[in-house]
Every structure is written in structure tokens, then in C-alpha cells.
Amino acid sequence: MNSMDDFLGLIRDGLGLSVTADDADRALNEISGWDSVYLLWLLTAIEKETGHTISLPELLEASSLKELYVAAAGT
Amino acid sequence: MPAFPATSGTSNGDHPDQEILALHRAGQLISQYPRVGHLVADLPGPELFKAGQLLARLAPDEILRQHPTVPAVTVAITGHGTLSALVPVLTAELARHGMLLRPHVADFDSYVFDLSDPGSALYAAEADLVLCVLDPMMVFDEVPVPWRPTDVERVLGEKLNLIGQLAARFEAASRGTLVLNTIPLLHRHTAQLVDHQSRARLGAVWREANARLLGVADQHAGAVVIDLDPILAEGVRASDPRMSIYAKAHLSQDLLAGYAREVGNLARHLAGRTKKCLALDLDDTVWGGVLGEVGMEGIEVAESYRGEAFRAFQRVVKQIGSQGVLLAAVSKNDVEPVRKALTDQPSMTLHENDFVQVIANWRPKHENLAELAEDLNVGIDSFVFADDSPYEGGLVRRQLPDVTVIQLDNEPALHVSKLLRDGWFDVRELTATDRTRASKYRDELVRQDFLHTFDSLDDYLHELNIRVRLAVAGEQDIPRVSQLTLRTNQFNLTTRRLQQADVRALADDPAWWVLAIHASDRFGENGLVGVVLARRDGGAVHLDNFVLSCRVFSRGIEHACLASVLRHARDTGADAVFGSYRPTAKNSAVKHFYPRYGFVPVADDDTTTTTFRHDLVDIIASPEYVHLTESFQRSPS
């Protein structure tokens, strides 16, 4: 996962949600079909892919896909 | 999973997870839903979970609109922690069995309210299965700090009493099945006690509580308890501390996946799709070596490294066969040496008599399996086939996609775990019929040979000396009556599946008759082979369902019983009898059952069910070759 595009692709193919770059700054609760439980899956999926440990509290506190990406990528 | 043979797979067939993803991207998962089951059937854990995420996004109602024959199972999920992660894995597990999940996820930590109030949303969902997922934090959230084993014992006692009450309430308020589970004991709890004596005490009280939990199923007919210990013993982590603390998801994703697999098998059984027959290859599956090359003395069945592996497998196969699963051998061999090996090889655990049929010839195995299904009169989708050859397994998979193929390989020590990994033959409980099923089916094959010696079917039926007893079902008949409604797909007029509690409720209702059909003939007892469910409503009698085991139909039993019910209705003052036929993928053989015996169709608004009426003026006589005794008297209870 090297970019925001990769991250959106992961959500599209992993969670089946049709998100685009336009959704990056949108509040999570405005994204159709979003459920906070997906964060648990994201954590596991990204940790498995990158080998890095992610902070779940940071993911839980993120309010948009962009913030999620920043928390997940550790950038 | 061994690789799928290149000779029998398509390019996508090699990567079913990629095909699922392609269908998702193309927006075709719903239109292709019937194929999805085959695609996800053998996916390993992570890929299956991923497929489940995509499938869980689909609208169940839309899938049913496009594929009305897909069996839908409503599952309500409640418990102590965050459980939404169960939905994708359960969606995938049900899809593996060709079924569709309709989930109802209860509010967080609402199980006590959900189950104690018959007016709750959980009861309103009218779920077939209600999962009440128990986890260790429901205990440790309530122990004080500092704590001793006696504190845990007290909280466990309170929880067990509560769960017992909830199970009783559920049994009274719902016809569904309540699924509970044992509660894992975590290292991060035992290790908080620094002395071994207290740790041992904690282990003891914890396991006593789990033993009590497992006993809930004995006390409440509507409850099933899934033991999580065997899943954990396979090396699955029970809990992830981050998920537990931050998200209140107290059981790990992997444990929930193992749990969902058990629930999937239970749901398949409750939907009447239990596997009935285990067909086995012989060379390098049941014994080591190729019989045609090494002879009876050369095959490995015991007392060598590999021989012991095959012996272990044979012992498990025999064990499975003793519980109502029909065993068949399907081997590319000459038949005589196979027979001889299965009867005369002294170290062989399995014997020819353990098999309902031993098929040894040089024809393609899928043809043999299809014929066997016909001879046994069971659906091909009730077969599980195990073979060490990827070629044979792949060919059967391709030619008969409804057969479940267990692909073994050249490591016989792993045959047992591959056979048992999925609970293909899981049932709620065994009945007396299960223990003798194989011999009854074998008798049936002898009957068919006997039939071939007669010029006409009538001559044969006269010689068969068929005796039928049609009588109000007693308490001892209830498990088998329920099982018949669950297992029977062909001669099942409305395919209304009944749990034991449902049967008991009908048997206790004075407006209903639950009539059990017992049969025997010159070859022996057939046992309880059918059931008629009838409801009296003023001058009308409604036949809610008529079910007959596939072993015995087309020999006049159904005809004699229907005539008897019609006569009884007339003699007790009824002026009409109504019968219904609700078509399924499997029961077209009985579409004309009622018209054949003098019923006429009634105009009906319901397009799925056809209703027929008999005016009781001209009742067909019983066939003279059936000796019928009848009793419509209820035994005093």
C-alpha cells in the first residue's frame, strides 16, 4: 500500500464499498455502507500486508478516509 | 489444499478468489449467485473472509428475487461483545453450502434483554438460528480487583443461571434454534494468579462452568452448544487484546471463523441439506498401494508406518458409517479382488458389510456416483466423495459440481483430518433409524435385485408382503418424524421443515393429527418411513404435509395411507380434504400426487403453492398387496 489510491482500492476490493478519490475527505459516516467494524478488518489486512503495527486508537479516532490512510500508513 | 489439476480446471477455476473479485468488480455477484457457492467452497480462511466481505454487501432480497430457489436462513446474532465481524464469515460459510444468509445483528451487549423479552426485535426477526455468543469478558468485566478464583466462580454461577433462564425463555417463545458456546479461558487471566494452586482452582471452576453450559442442550430441546475447545486446540488464537480493549471484540476473527464454520454446518442440516453418503476411492485412500498391482497381501492396512495411517482412516470411516451415513466404495479395479480384500484380508478394519455398495469397475467415477445416487434414491448433492487422485477428484468436481469432493493426497496420516475438517455429516441428534440405516439401504438394493426376477411389478409387490401401520405418533416417534421432515427432499409435498419442538407442538394440538407411517416387508423392518400432518377445521381436513422416505416410495404405501386418511375423514363427518403441493428443486416427482388419487385443483391466489380438494364421494381403494393397520386414536398423555 503505497498511495491513497492503493488504499481506496483495498477498501473497494476488500470491503466491497464503491469509494473514489472524491470520498477521501468526506466524513466516514457520510460514506454509503460504512461501518466502524471495518476498521478491525483494515487493521488486520494492512498489518499483514505491510508488516508494520498500526495504532487501533488512531484508526478509531480518524474521521475521514484520508485520516484513516495517514494513520494506517504511519505517515 | 492440493492444487487443482490443470487438466480439469479452467484458468479461473484455479483462482476462485480472483473470479469472485472479478464478479464483484463487474457487479455480477448477485446474478451469478448460484455459482458463488462452488467458488467459495474450498477457499482457505483469509480468502474466504474476503469473499464474505463482498458477499455481505449484497442485498439478500435482491438475490432471492433473482434466484427464488436459493434457501435463505435467517440468523440473529447477539452476545456480550462486538459481533458484526461474524456477518461476513457467516455469509461466506452459508454461501459454501449454497445458502443465503439473512442476518439480524442485535445491539451491542443486549443479549439479556433480547432473549428475555419475547417482544424484542430479536424475536421479531423470527430467526431460524439465534447465536448468543459468549466470551470471557462477560465474566471478567464483573469480577472485582483484586480477585480470587472464588470471585470468578460466583460470577460464572450467576451467568450460568441467567443463561439457563434465557434458554428456557427462548424455548417457550421461539421455534428457532438457540446456539450457545463454551467460553475460552485466556492466559491473560490465568497468569494474573501467581500461585499454581489458585491457577488450578480457576481452571477447575472455569471448566465446571463450561461443562454446565454444554449441559444446557440436554435440558432445552431448542438449544445447541458449540464447544470452542476443539477449534482452539487446532492452534487458533482465542482473543486479540487490542480488538478486545479498543473495539470490545472479545473473540478473535479466526476463532469466530471457526465458530461460523460449525454454525454453517448446523444451518445446512436444519435446512434439510445434510450430506447422507460418503463415497470413497479405495487404492491409496482406504488402503495403501494399488490392489491390482500388489494383491491382497501387499496392500497396506495395518502394522506398518503407512498401514497404521490407513488403519486410522478406516476406523474413522467405520465410526462415521455407524451413525447413519451411508458408505460406498467407488474404485477403478476389478470387482472380485476388491470383494476378496474387503472380506478376507484379516487386518482390514472395514468390511464389505460396512458399505451400502461396493462399486469396482473401469468406468468414470462420476457415472458410477450418479448411478449410485439413483439406486439409493438420494440426491447427488447429498454425496461426499474422497479420493487421493487430483485427477479423479477434479473430474467429479467438474462433472458433478453438487458433489462435495474431499481431495486427499499421498500423505495418509492426514486423511482423517481432511475428512473431518468440515462437519459434512453433522446433525442435531441421532435417532434409532440412523444406527441401522446402512443395512436398510442394503436391503433395498437386494429388493431391487428381487424385483428384477419378476415379470410384472404387481407380481413383485404381491410377493413383497408389505405391511404398513398408520398411527398417531407417540412421544418415541417425535425425533424420527422431525428428522424425516428435515432430511426428505423428494417425497415431501410442502417441504415444511420441523424441529422436534414443532412436531411436539402439533402432536399436542387437538386440532392436528401427526400420523406416523411404519412399514415392513419380507426383507425386514423399514421402521418409521413417513408422516402425514393433518389439521381438522370444521368440516374440512387439511393435509399440511405428506412425507415419505425415498427408500420406500412407489410400492403402494403412500396410496394406502392416503386412502386411509380420506376414509377416516369421511367416517368422522368431514366433507372435504385439502392437500397442498409446494414445488422445490427436488420434489417434482410428487407434483401429481394428489390429483392421481382423486383430488382436483382449487383456484388459488398463491402462485407458489397449489391446493387440491377431495370431496370424499369416491375414495380410491387401497392396493390389495398392502396390509394396512390404522389407528387414529391418540394415546392418553
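Remember, predicted model here, so these are calculated numbers, not experimental data. (Residues numbered from 1 in each chain as written. Chains lettered and ligands numbered in written order. Predicted model: local features only at pLDDT ≥ 70, side-chain atom pairs only at ≥ 80, totals over all residues. Heavy atoms only, no water.)

### What about the sheet that holds strand β18 (residues 626-631) of chain B?
All names here are of chain B.
Here is step 1: Reading across from one edge, β16-β17-β15-β14-β13-β12-β11-β18 is the order of the eight strands in this open sheet, with mixed pairing throughout. Each end of this open sheet is capped by a strand with a single partner; those strands are β16 (600-602) and β18. When the angles between neighbouring strand axes are averaged without regard to direction, this sheet yields 30 degrees.
Here is step 2: Here four bridges tie strand β14 (residues 540-548) to strand β15 (residues 576-581), and the two strands are oriented parallel to one another. Along β15, the bridge assignment pairs A540 with A576.
Here is step 3: Strand contacts of helix α25 (residues 557-571): β11 (466-472), β12 (512-521), β13 (524-537), β14, β15, β17 (610-614) and β18, with the helix running at about 165 degrees to β14, the strand carrying the most contacts. (Pairing = 2+ DSSP bridges. Helix = DSSP H or I, 4+ residues; strand = E, 2+ residues; numbered from the N terminus. Axes fitted to C-alpha atoms, helices over the stretch in contact; angles between N-to-C directions. Contact = heavy atoms within 4.5 Å.)

### Concerning the packing of helix α2 (residues 33-40) of chain B against helix α3 (residues 45-56) of chain B
Residue and element names in this part refer to chain B.
Here is step 1: Running from N to C, α2 and α3 point in directions that differ by 165 degrees, and their axes come no closer than 11 Å. Taken together, the axes of α2 and α3 lie roughly antiparallel to each other. Along this stretch, α2 crosses α3, giving a crossing that reads as left-handed. From α2, Y33, V36 and V40 reach across to α3, where they touch L48, A51 and L55.
Here is step 2: Its residues assigned to classes, the contact of α2 with α3 shows six nonpolar, no polar and no charged. (Parallel < 35°, antiparallel > 145°, perpendicular 65-115°, else oblique. Left-handed = near helix turned anticlockwise from the far one by under 90°. Nonpolar A, V, L, I, M, F, W, Y, C, P; charged D, E, K, R; others polar.)

### A closer look at the interface of chain A and chain B
Much of the literature gives interface size as the accessible area that the parts lose upon coming together.
Here is step 1: Of the residues lining the interface, 18 residues belong to chain A; the matching set on chain B comes to 16 residues.
Here is step 2: The largest per-residue losses of area from chain A upon contact with chain B belong to D13, L40 and W41 of chain A, which jointly make up 34% of the total buried on that side.
Here is step 3: Connecting chain A to chain B are two salt bridges.
Here is step 4: E47 of chain A is the partner of R242 of chain B in a salt bridge, and the nearest nitrogen-oxygen pair spans 2.7 Å.
Here is step 5: If you look at where chain A meets chain B, you find six residue pairs in polar contact (both at pLDDT 80 or more).
Here is step 6: Broken down by element, the side of chain A that touches chain B gets its largest block of residues, six residues, from helix α2 (residues 38-50) of chain A.
Here is step 7: The class makeup of the residues in the side of chain A that touches chain B is eleven nonpolar, four polar and three charged. (Buried area = accessible area lost by both parts, 1.4 Å probe. Salt bridge = Lys/Arg side-chain N within 4 Å of Asp/Glu carboxyl O. Polar contact = N/O pair within 3.5 Å; in protein donor to acceptor, adjacent residues only side chain to side chain.)

### Describing the packing of aromatic side chains
Any pair of aromatic rings gets described here by the distance separating the centres and the angle formed by the planes.
Residues and elements named next belong to chain B.
Here is step 1: On inspection of all chains with the given rule, the structure shows 13 aromatic pairs over all chains.
Here is step 2: When the centroid spacing of 5.6 Å and the interplanar angle of 75 degrees are considered together, the rings of F593 and Y597 count as edge-to-face. We note that F593, like Y597, is buried.
Here is step 3: Each ring, one from Y594 and one from F612, has its centre 6.1 Å from the other, and the planes form 40 degrees; the classification is tilted. Here Y594, found in helix α26 (residues 593-596), pairs with F612, found in strand β17; they are 18 residues apart in sequence, far enough to count as distant. In this structure, Y594 and F612 share a single accessibility class: buried. (Phe/Tyr/Trp six-rings, centres within 6.5 Å; stacked < 30°, edge-to-face > 60°. Buried < 20%, exposed > 50% of the residue type's maximum accessible area, 1.4 Å probe, protein only.)

### What to know about the side chain of S482 of chain B
Here is step 1: By secondary structure assignment, the location of S482 of chain B is in helix α23 (residues 478-487).
Here is step 2: In this view, S482 of chain B contacts L498, Q499, Q500 and V503 of chain B; residues no more than four positions away in its chain are not counted.

### Considering a nonpolar patch on the surface
Here is step 1: Residues L60 of chain A together with I245 and Y246 of chain B make up a contiguous nonpolar surface patch of about 290 Å² in total accessible area.
Here is step 2: With a relative accessible area of 42%, Y246 of chain B lands in the partly exposed category. (Patch = residues over 30% accessible without salt bridge, like charges linked within 9 Å, V, L, I, M, F, W, Y side chains within 5 Å. Areas by Shrake-Rupley, 256 points an atom, 1.4 Å probe, with all protein chains shown as cover.)

### Points about helix α5 (residues 86-96) of chain B
Working note: α-helix, 3.6 residues per turn, so residues spaced by three or four point in the same direction.
Residue and element names in this part refer to chain B.
Here is step 1: In terms of burial, α5 is a largely internal element, eleven of the eleven residues being buried.
Here is step 2: Residues of α5 that are buried: L86, V87, P88, V89, L90, T91, A92, E93, L94, A95 and R96.
Here is step 3: Residues of α5 that are buried make contact with α2, α3, β1 (72-79), β2 (100-105), β3 (129-133) and α14 (253-270).
Here is step 4: In the segment just after α5, G98 is the residue with positive phi, at about 75 degrees.

### A closer look at the environment of V356 of chain B
Residues and elements named next belong to chain B.
Here is step 1: Within the element layout of this structure, V356 appears in the loop between α17 (335-344) and β8 (357-361).
Here is step 2: Residue V356 is classed as buried on the basis of its relative accessible area of 4%.
Here is step 3: For the pair V356 and A204, spaced 152 residues apart in sequence, the C-alpha to C-alpha distance is 45 Å.
Here is step 4: Excluding residues that lie within four positions of it along the chain, V356 makes contacts with L326, L327, A328, L376, A438, Y441, R442 and L445.

### Here we look at the pattern of salt bridges
Residues and elements named next belong to chain B.
Here is step 1: Within the structure shown, the criterion is met by 36 salt bridges over all chains.
Here is step 2: R397 serves as the salt-bridge partner of D42, at 2.4 Å between the closest nitrogen and oxygen. In this pair, D42 sits in the loop between α2 and α3 while R397 sits in helix α19 (residues 390-399), placing the two residues 355 residues apart along the sequence.
Here is step 3: The shortest N-O distance in the salt bridge between D571 and R570 comes to 3.4 Å.

Fair warning: the whole summary comes from geometry, so function is off the table for now.
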